[in-house]
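So the chains spell out like this:
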Amino acid sequence: MCPVYQSQACNNAGQPGGVNNVSRPVKPAPLPVPPPALKLGQEGFKKVCRTEEDSPCPFPGLASGVLEMRVKEGSKIRNLMGFAMARMQGEKGVSGVNVSGGGLRQVVFTGSGRAVTKTITCAEIMKRKVGCLHQLTKLRYKVVKEVWESTEGGTSEMTVHRTVPSISILLSKDPLDPQEPGYQPPETLSALWEEREGTEPATASKRSLGPLPYTSFPDCKRVCLGEGVSVLPPH
Amino acid sequence: MTEPRNPSMSSIPQTGPAHTDSSSPAVEMDPVEYTLRKRLPRKLPKRRNDVYVNMKTDFRAQLARCQKLLEGGGHREICVHGLGLAINRAINIALQLQASSQGALQLAANTSTVELVDDLEPEDPDEAGEPMTRTRNNSAIHIKVFYPDPQ
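Residues numbered from 1 in each chain as written. Chains lettered and ligands numbered in written order. Predicted model: local features only at pLDDT ≥ 70, side-chain atom pairs only at ≥ 80, totals over all residues. Heavy atoms only, no water.

1. Quick look at the overall build of chain A
Now for step 1: Scanning chain A from N- to C-terminus turns up 6 helices and 6 strands.
Now for step 2: Ordered by position from the N terminus, the helices and strands of chain A form the series α-β-β-α-β-α-β-β-β-α-α-α.
Now for step 3: Counting all 235 residues of chain A, 39% fall into the buried class.
Now for step 4: A separation of at least 24 residues holds for 77% of the contacts in chain A among residues at least 6 apart in sequence.
Now for step 5: Split by element, the accessible area of chain A, about 13,200 Å² in all, is 57% carbon and sulfur. (Helix = DSSP H or I, 4+ residues; strand = E, 2+ residues; numbered from the N terminus. Buried < 20%, exposed > 50% of the residue type's maximum accessible area, 1.4 Å probe, protein only. Contact = heavy atoms within 4.5 Å. Areas by Shrake-Rupley, 256 points an atom, 1.4 Å probe, with all protein chains shown as cover.)

2. Some points on the overall build of chain B
Now for step 1: When helices and strands are tallied, chain B shows 2 helices and 5 strands.
Now for step 2: Written out in order from the N terminus, the α and β elements of chain B read β-β-α-β-α-β-β.
Now for step 3: Residues counted as buried form 36% of the 151 residues belonging to chain B.
Now for step 4: Long-range contacts, defined here as pairs at least 24 residues apart, represent 73% of the contacts in chain B between residues at least 6 apart.
Now for step 5: Put simply, chain B shows about 8,700 Å² of open surface, and 51% of that area lies on carbon and sulfur atoms.

3. Thoughts on the confidence of the model for chain A
All names here are of chain A.
Now for step 1: Scored by pLDDT, chain A comes out at a mean of 67, with 56% of its residues at no less than 70.
Now for step 2: Here residues 1-36 scores under 50 on pLDDT; set against residues more than four positions off or in separate chains, the count is 29 contacts.
Now for step 3: The model gives residues 194-235 a pLDDT under 50, and that stretch makes 57 contacts with residues more than four places away or in other chains. (pLDDT = per-residue confidence, 0-100.)

4. Looking at the packing of aromatic side chains
Now for step 1: Counted according to the given criterion, the structure contains 0 aromatic pairs over all chains.
Now for step 2: The ring of B:F146 carries B:K144 above its face, with NZ or CZ at 4.9 Å from the centroid. (Phe/Tyr/Trp six-rings, centres within 6.5 Å; stacked < 30°, edge-to-face > 60°. Lys NZ or Arg CZ within 6 Å of the ring centre and 35° of its normal.)

5. Quick look at the pairing of strand β3 (residues 77-83) of chain B
Residue and element names in this part refer to chain B.
Now for step 1: Among the 7 residues that make up β3, 5 are buried, leaving the element largely enclosed by the rest of the structure.
Now for step 2: Examined bridge by bridge, strand β2 (residues 50-52) and β3 share 3 bridges and lie parallel to one another. Residue pairing in the sheet places D50 in a bridge with C79 of β3.
Now for step 3: Following the chain from β2 across helix α1 (residues 59-71) to the adjacent parallel β3, one finds a crossover that is right-handed. (Pairing = 2+ DSSP bridges. Right-handed = clockwise from strand over helix to strand, strands pointing away.)

6. Here's the deal with the confidence of the model for chain B
Residue and element names in this part refer to chain B.
Now for step 1: Of the residues in chain B, 73% have a pLDDT of 70 or more, and the chain-wide mean is 76.
Now for step 2: Within chain B, the lowest mean pLDDT, 74, falls on strand β1 (residues 34-38), and the highest, 92, falls on helix α2 (residues 86-100).
Now for step 3: Low pLDDT, under 50, characterises residues 1-25; the stretch is placed with 47 contacts to residues that sit more than four places away or in other chains.
Now for step 4: Interface confidence for the predicted complex, expressed as ipTM, amounts to 0.72; the pTM equals 0.65.

7. Structural notes on the pattern of salt bridges
Residues and elements named next belong to chain A.
Now for step 1: Per the counting criterion, the structure on display carries 9 salt bridges over all chains.
Now for step 2: For the salt bridge of R70 with E68, the shortest nitrogen-to-oxygen distance reads 3.5 Å.
Now for step 3: The exposure class of R70 is partly exposed, given its relative accessible area of 31%. (Salt bridge = Lys/Arg side-chain N within 4 Å of Asp/Glu carboxyl O.)

8. Some points on the nonpolar core
Now for step 1: Counting 45 residues, the largest nonpolar core has A:F109, A:M126, B:I141, B:I143 and B:V145 as the members making the most contacts within it.
Now for step 2: With 8 residues, the top contributor of residues to this core is α2(B).
Now for step 3: In this view, B:I143 contacts A:L139, B:I78, B:C79, B:V80, B:A90, B:I91, B:A94, B:L107, B:A108 and B:A109; residues no more than four positions away in its chain are not counted.
Now for step 4: Counting 8 residues, the second largest nonpolar core, distinct from the first, contains A:F59, A:V66, A:L170 and A:L176. (Core = buried A, V, L, I, M, F, W, Y, C linked by side-chain atoms within 4.5 Å.)

9. Looking at the environment of A:T117
Now for step 1: Secondary-structure assignment places A:T117 in helix α3 (residues 116-130).
Now for step 2: Given the relative accessible area of 17%, A:T117 is considered buried.
Now for step 3: Expressed as a C-alpha distance, the spacing of A:T117 and A:E73, which sit 44 residues apart in the sequence, is 9.4 Å.
Now for step 4: The residues contacting A:T117, other than those within four sequence positions of it, are B:G84, B:I87 and B:S139.

10. Examining the sheet that holds strand β5 (residues 132-146) of chain B
All names here are of chain B.
Now for step 1: Pairing is mixed across the open sheet formed by 5 strands, whose spatial order is β1-β4-β5-β3-β2. Single-partner strands in this sheet number two, and they are β1 and β2. Taking each pair of neighbouring strands and ignoring which way they run, the sheet shows an average axis angle of 25°.
Now for step 2: Judged from the 5 bridges that link them, β1 and strand β4 (residues 106-122) form a sheet pairing that is antiparallel. By the bridge assignment, T35 is partnered in β4 with E121. (Axes fitted to C-alpha atoms, helices over the stretch in contact; angles between N-to-C directions.)

Here's what the structure looks like:
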């Protein structure tokens, strides 16, 4: 998988005894990460802009002002989580007011392309820390528009439309519709597998709950309207 | 899966013959070099309609395998699993299946955390290093790709 590491290990093994060798700190050289399926960079083009095309919210019926965490490739998990956890747990000490007693009810994590894994990790960390969160996961393709500019002449410009997989994860303190595809009840971390090994009675019992009439939503809307803004966290 | 590499703790520029470190309790760090070995993830259920996506097999081969299960295999639903870096590929496969079905297929994704174990083996058996294990977490995705029941 990582030929760089392997070759380094060989060098180490070749050194005599390992005693008194000039122990150059064996830091792997920064791995060149070639952008997958993109050769433009080598042909004298550089990317000048990348915009995600607006797509409708994957969670219809969601309060419009809900906190949306847009996870990017370079986002630091500690920054994202520091911000999101503070909002979900309620910011105590900010101007002395505990906002709406216990923070926001819902948060959405979205990410596309190479940020998908990080997005899931954020949601998993939050589920573990907050507990009792209902989850709804949606997958789809997102169209990304990239503008590439020639590095030589500076005259030619190219626009590339790419479709990248993206994920949106809604975490909610209030119950969600269990019939919605991609729903996950709280604390399924370990139960996920046992439920599947048994043949379907678990889902049958879930079905019997029937469509959930979103009773708790008006309440949450009130909370979110004052609070929620779509925020781009600091990178 | 067994690429040897040096954990960051191993690159301490502490020279001198071996076996002297035990007499210097002030140095908390461990000069012994370890080989990191990643164990395989915990065994997970493997039914006929479970597909575990990896990054070694060709993408198209894995996609074709899923298509075969749904079309030729007579399964009404399959489960596509991806761990870590393979999450992206699992999502891609699921979305490709859905797109090529002209909307007949639906997706239901769940996420989870998988605990992984690494073994740290001392490079030099003469040194006083003890074999160690270390656990870490990685994210995983489980996508159910299914034909919805007619209602």
